[in-house]
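# What the coordinates show
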Amino acid sequence: MQPCPGFPARAQLASHSRRIAHNLLGSRTHHALSAKAIRFHATAAALAQKTPSATPAQTAPPAVAPNKLQHAQALTALHTARELIPRILPPQSPELSFWNGVLRDVSEETSRASLTSQGDNVTVVVYPVDEFAEGEELVTALLQDPFSSEEDNARIVKRWEGRERDTRLDIEYSPPPETPKQPSEGALEETLNPPSHVLRVSSSLLTSSSPSVRLIELRPGHQLFYDYLRLLYTAHIPIVLLNPLTTPLASLAPPATPTTQPTKLPFPLPPHALLLITSPSPASVSTIASTVVPLGIDPARVLLVDPSRALSAFRALRTNSSDALHVQRFADDALGSGLSALRARLHPAPTLTQRASAVVRATTAALHARLRAAEADAHDAAGAVHALRDEAARARTDAQCAAFGTGTGTGPANRVRAALAEADSAVLPALAALPWWRVLWAPDDAGWRVRHATRDARVAHIDAGLLPALAPLPAVQARLVRRALERAEALPPSVRSHVLLNALQQRAGAPGFALRADALLAPVARRLAQLDGGATTGLARAAQDLVLRVAGALGAGVGAGALVLSQGVGEAVGAGLLVGVLGLRWAIGKWDRVRRGWTADWVRVKEAAERDVQAALNEALAKQVLAVPVQAADGIEELVAKRRDEIEQLRQEVDKLEARVNTDSQSPS
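Residues numbered from 1 in each chain as written. Predicted model: local features only at pLDDT ≥ 70, side-chain atom pairs only at ≥ 80, totals over all residues. Heavy atoms only, no water.

Turning our eyes to something else, we now look at the overall build of the protein chain. Each helix and strand counted, the protein chain has 22 helices and seven strands in total. Looking at the 669 residues of the protein chain, the share that counts as buried comes to 45%. The contacts in the protein chain between residues at least 6 apart in sequence include a share of 82% that link residues at least 24 apart. Total accessible area on the protein chain stands at roughly 33600 Å², and carbon and sulfur atoms take up 56% of it. (Helix = DSSP H or I, 4+ residues; strand = E, 2+ residues; numbered from the N terminus. Buried < 20%, exposed > 50% of the residue type's maximum accessible area, 1.4 Å probe, protein only. Contact = heavy atoms within 4.5 Å. Areas by Shrake-Rupley, 256 points an atom, 1.4 Å probe, with all protein chains shown as cover.)

If you want it as structure tokens, here you go:
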């Protein structure tokens, strides 16, 4: 359009205003509202060249026969994701129900579109994180038109009146009164009496694409119900709005694992979502750097907007549309509020294939987070294995050091060896108190005295010295069993095994499993019993034999004297004394050899008793004290290895699905 030479400034202002309205409201809106736009430019048009007539409305493209295979790859990815989620997500969990519902809804809509020439309405869901995010102002700015009637704008502004208890509002297109519309019989009742959460208005935003747009506005809240969260994730264009002064941007980032502190959104944002951040001056910086916080979406889809400034632009234009200052203020505020950038992001809407790919990507992101949580659970279970083994090793070392010492000379001494050495002070004096001449007067007392001495040595020295070192073992066993059961019960659900827990409980409650400290002294008693039945019995028999040998030696001396008596008395006495002394010496030597043999047996019994006590302690540690924690550690370690293999296999399947979706999204449709 060429302006009139006499009025160039006003003509340029009119052209500039039409260009702004075209950029802000879209080409289809500009054509549809061109009649009202003529009234807005009346002043400029009167001084300028005659304004051309409005561009005729674009004719709808002819219906194209649906291609049943055009969404085959998207449907395959959706079905693959639905098969994966029950194998990764906990059964009967809200997370499993949520993602199953999201994938089912998107799959059903995509399947319907494959059978028909048109899909469902384009759904835009707006979720303000809190009441300071200016969600109502944003929706009002999106729906309002500068050239709409006062009644339509008032219905948009007062849309929440009388709906204080509602948490969502579905806004659909309703043609203006001058446009005739003949609803079908099935939709007549719904048209006349729409549901309470449905508002029908006339807005260019709702007719800016084919099929029409349905905008769902959610109430601001700190936590979304899963039903409304599913609406947000299945929308063609999900919009999340927040105020960084009241809600940190990091609160929208997906949690590191599903078990960590929850954020505003429990799951990663779908890649096709728009994140709007209210900012008083968004025109200077339209996007946010990707390094600020990992949001899981393209940084180009994070926009800075000022809804209040956008509403101010519409109010300025409606106040006086013929005034140049108001027009300039409308242009500045409309462009500076970031609303035009947002409208540009709304058109064109993602295709069904693009939305399906975005939903699958969000699902794989959630599955990766769950796999990371499962890996963390396996790591925690492996930590429990290390803790159980460390406790068992420490208990083994403490028990062995308490009984046998460290062997370095700096730690505790060998209490078993010390107790057996102290027994020498009771046994060896009793043996030394049995010379041959005393045995001759009481030969029956020799065996009794030695047995009594060994019994006293066992009670007063061996048992008294070993029991303090072995007495803590039953308490250690009970503590280790309790901790092993607690750790087995506290395992994450993905690693916990009721079979293992039942096996541990059965072993802990088995008869004879509880350790008795005096049972570890049984090897000493057994060795002393062998000494009593062997060397001590031989010593008592040797005492009896000593009497017989001495008597025999004396008799032999008398006999020898009698044989040589014929040669003389002196020779007879000498021969008798010689034979008697030799026999007595032989008898005493036999007794001394028996006593020395018993002493050597006593030393060997002490050494064998020390070895037997050590073997009994090791057996008690392996089969009783440490049995439950070692079995628990082995069982948990096997479960962890099996679980990690499963995690790795599932991760490969998720990566394969993700790669397939990325390849499908890059290939031309």
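Structure's up, so let's keep going.
This part covers the pattern of salt bridges. Going through the model one piece at a time under the given rule, you end up with 26 salt bridges. The salt bridge partner of Arg159 is Glu217, with a shortest N-O separation of 2.7 Å. Of the two residues, Arg159 sits in the loop between helix H8 (150-157) and strand S2 (168-173) while Glu217 sits in strand S4 (residues 213-218), which places them 58 residues apart along the sequence. Overall, Arg159 belongs to the buried group, its relative accessible area being 2%. (Salt bridge = Lys/Arg side-chain N within 4 Å of Asp/Glu carboxyl O.)

Right, let's get into the side chain of Arg301. Structurally, Arg301 can be placed in the loop between strand S6 (274-278) and strand S7 (302-305). Comment: no salt bridge for buried Arg301; closest opposite-charge side chain is Asp298, at 6.8 Å. A distance of 2.9 Å separates a polar side-chain atom of Arg301 from the backbone oxygen of Ala273. Residue contacts for Arg301: discarding those within four places in its chain leaves Pro271, His272, Ala273, Leu274, Leu275 and Arg345. (Lys, Arg positive; Asp, Glu negative; His and termini not counted. Polar contact = N/O pair within 3.5 Å; in protein donor to acceptor, adjacent residues only side chain to side chain.)

Among the nonpolar cores identified, the biggest contains 51 residues, and Trp99, Leu232, Tyr233, Val240, Leu265 and Leu275 are the most heavily contacted of them. By size, the runner-up hydrophobic cluster in this structure holds 47 residues, among which are Ala395, Ala403, Val450 and Ala543. (Core = buried A, V, L, I, M, F, W, Y, C linked by side-chain atoms within 4.5 Å.)

With that settled, consider the packing of aromatic side chains. Evaluation of the coordinates by the stated rule reveals six aromatic pairs. Arranged with centres 4.7 Å apart and planes meeting at 15°, the rings of Phe98 and Phe267 form a pair that is stacked. Of the two residues, Phe98 sits in helix H6 (residues 94-115) while Phe267 sits in the loop between strand S5 (237-242) and S6, which places them 169 residues apart along the sequence. Of the aromatic side chains, those joined through ring pairs into one cluster are Phe98, Trp99, Tyr233 and Phe267. Here the guanidinium or amino end of Arg219 rests over the ring plane of Trp160, the centre of that ring lying 4.0 Å away. (Phe/Tyr/Trp six-rings, centres within 6.5 Å; stacked < 30°, edge-to-face > 60°. Lys NZ or Arg CZ within 6 Å of the ring centre and 35° of its normal.)

A few words on the environment of Arg415. Here Arg415 is to be found in helix H15 (residues 415-432). Looking at Arg415, the relative accessible area reads 35%, which means it is partly exposed. Between the C-alpha atoms of Arg415 and Ala402, which are 13 residues apart in sequence, the distance is 7.4 Å. The contact partners of Arg415, leaving out residues within four places of it in the chain, are Ala402, Ala403, Gly465, Leu466, Pro468 and Ala469.

In this section: the packing of helix H5 (residues 72-88) against H6. Look at H5 against H6: their axes get within 10 Å of each other, and the N-to-C directions meet at 160°. Classified by the angle their axes make, H5 and H6 are roughly antiparallel. Between H5 and H6 lies a crossing whose hand is left-handed. Facing Leu75, Leu78, His79, Ala81, Arg82, Ile85 and Pro86 of H5, the residues of H6 in contact are Leu96, Trp99, Asn100, Leu103, Arg104, Val106, Ser107, Thr110, Ser111 and Ser114. (Axes fitted to C-alpha atoms, helices over the stretch in contact; angles between N-to-C directions. Parallel < 35°, antiparallel > 145°, perpendicular 65-115°, else oblique. Left-handed = near helix turned anticlockwise from the far one by under 90°.)

This part covers the sheet that holds strand S1 (residues 122-128). In any sheet, the strands associate via hydrogen bonds between backbone groups, in a parallel or an antiparallel arrangement. Ordered by their spatial adjacency, seven strands build an open sheet running S3-S2-S4-S1-S5-S6-S7, and the pairing between neighbours is mixed. Of all strands in the sheet, those with a lone pairing partner are strand S3 (198-201) and S7, marking the two edges. The average undirected angle you get between the axes of adjacent strands in this sheet is 25°. In this sheet, S5 lies alongside S1 in parallel orientation, the contact comprising five bridges. The residue bridging Val126 from the neighbouring strand is Ile239, located in S5. Its contacts with the sheet put helix H7 (residues 135-143) on S1, S2, S4, S5 and S6, and the angle it makes with S4 is roughly 165°. (Pairing = 2+ DSSP bridges.)

Attention now goes to H8. Burial in H8 covers these residues: Asp152, Asn153 and Ile156. Each buried residue of H8 lies within a common arc of 95° when the element is viewed along its axis, so the set occupies one face. Those residues of H8 that are exposed and angled more than 90 degrees off the buried face are Glu150 and Glu151. Check the buried side of H8 and you find it contacts H7, S3 and helix H11 (307-319). (Arc of directions from axis to C-beta.)

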